[in-house]
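# Architecture at a glance
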Amino acid sequence: MKKTGIALAGAALAVGLVSVNTGKAQAATYTRTQVSQHATTGDCWTIIGRNVYNLTPYVPMHPGGPQEIGRVCGKVGTKAFNGQHGGNASIQSMLKTYRIGALKR
Ligand code: HEM
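Computed from a predicted model, the values in this text were never measured in an experiment. (Residues numbered from 1 in each chain as written. Predicted model: local features only at pLDDT ≥ 70, side-chain atom pairs only at ≥ 80, totals over all residues. Heavy atoms only, no water.)

The next subject is the overall build of the chain. When its secondary structure is counted, the chain shows five helices and five strands. If you list the helices and strands of the chain from N to C, you get α-β-α-β-β-β-α-α-α-β. Sorting the 105 residues of the chain into buried and exposed places 28% on the buried side. Restricting to contacts in the chain with at least 6 residues of sequence separation, those with at least 24 account for 66%. (Helix = DSSP H or I, 4+ residues; strand = E, 2+ residues; numbered from the N terminus. Buried < 20%, exposed > 50% of the residue type's maximum accessible area, 1.4 Å probe, protein only. Contact = heavy atoms within 4.5 Å.)

And the structure:
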């Protein structure tokens, strides 16, 4: 009984966290103009597909170098990203963790 209660509370918490995260991510939308205001390696947003990513914390850690990834700051990076990493599922899931919202159109 006690165990079930804890398990249920855990499940409810997990569901709550997931929906809070999803809700937040889906609510935010950014225009191309807004993205273009984050166009340096020290402040780097990019558009990949229909989503907007803040890559700033990742730029200094990028194994391909900050300049390579820096080419997409403030811009549409879909072709650059897919060209380099499109076939790599683990890099694609790393990318997801930097998503801040969707592109406003
Ligand atoms: C958006 C434009 C990007 C470009 C143009 C780019 C380019 C590159 C290049 C040239 C390399 C070196 C490949 C080699 O040495 O053979 C590399 C490696 C790597 N990049 Fe990127 N990158 C980009 C974005 C990202 C992002 C957003 C992530 C993760 C969040 C990422 C994660 C990695 C990892 C883990 C490696 C090392 C493993 C591998 O080469 O497959 N990159 N990248």
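Every regular strand shows the same layout, with side chains that alternate between the two sheet faces. Sheet topology note: the strand S1 (residues 29-30)/strand S5 (residues 99-103) ladder contains two bridges and is parallel. Paired with Thr29 across the strands is Ala102, a residue of S5. Judged from the three bridges that link them, strand S4 (residues 51-54) and S5 form a sheet pairing that is antiparallel. In the strand pairing of S5, Val52 is matched with Gly101. (Pairing = 2+ DSSP bridges.)

Right, let's get into the nonpolar core. Counting residues in hydrophobic clusters, the biggest one holds twelve residues: Cys44, Ile48, Tyr53, Leu55, Tyr58, Val59, Ile69, Val72, Cys73, Phe81, Leu95 and Tyr98. For Phe81, the residues in contact, after removing those within four places along its chain, are Ile48, Gly86, Ile91, Gln92 and Leu95. (Core = buried A, V, L, I, M, F, W, Y, C linked by side-chain atoms within 4.5 Å.)

With that out of the way, let us pick up the site of the ligand. Residues in close proximity to the ligand total 16 residues, the closest being Tyr58, His62, Pro63, Gln84 and His85. Here a nitrogen atom of the ligand and a side-chain polar atom of His62 are 2.8 Å apart. Separating a nitrogen atom of the ligand from a side-chain N or O atom of His85 is a distance of 2.7 Å. Tallied by class, residues from the shell around the ligand come to nine nonpolar, five polar and two charged. (Near = heavy atom within 4 Å. Polar contact = N/O pair within 3.5 Å; in protein donor to acceptor, adjacent residues only side chain to side chain. Nonpolar A, V, L, I, M, F, W, Y, C, P; charged D, E, K, R; others polar.)

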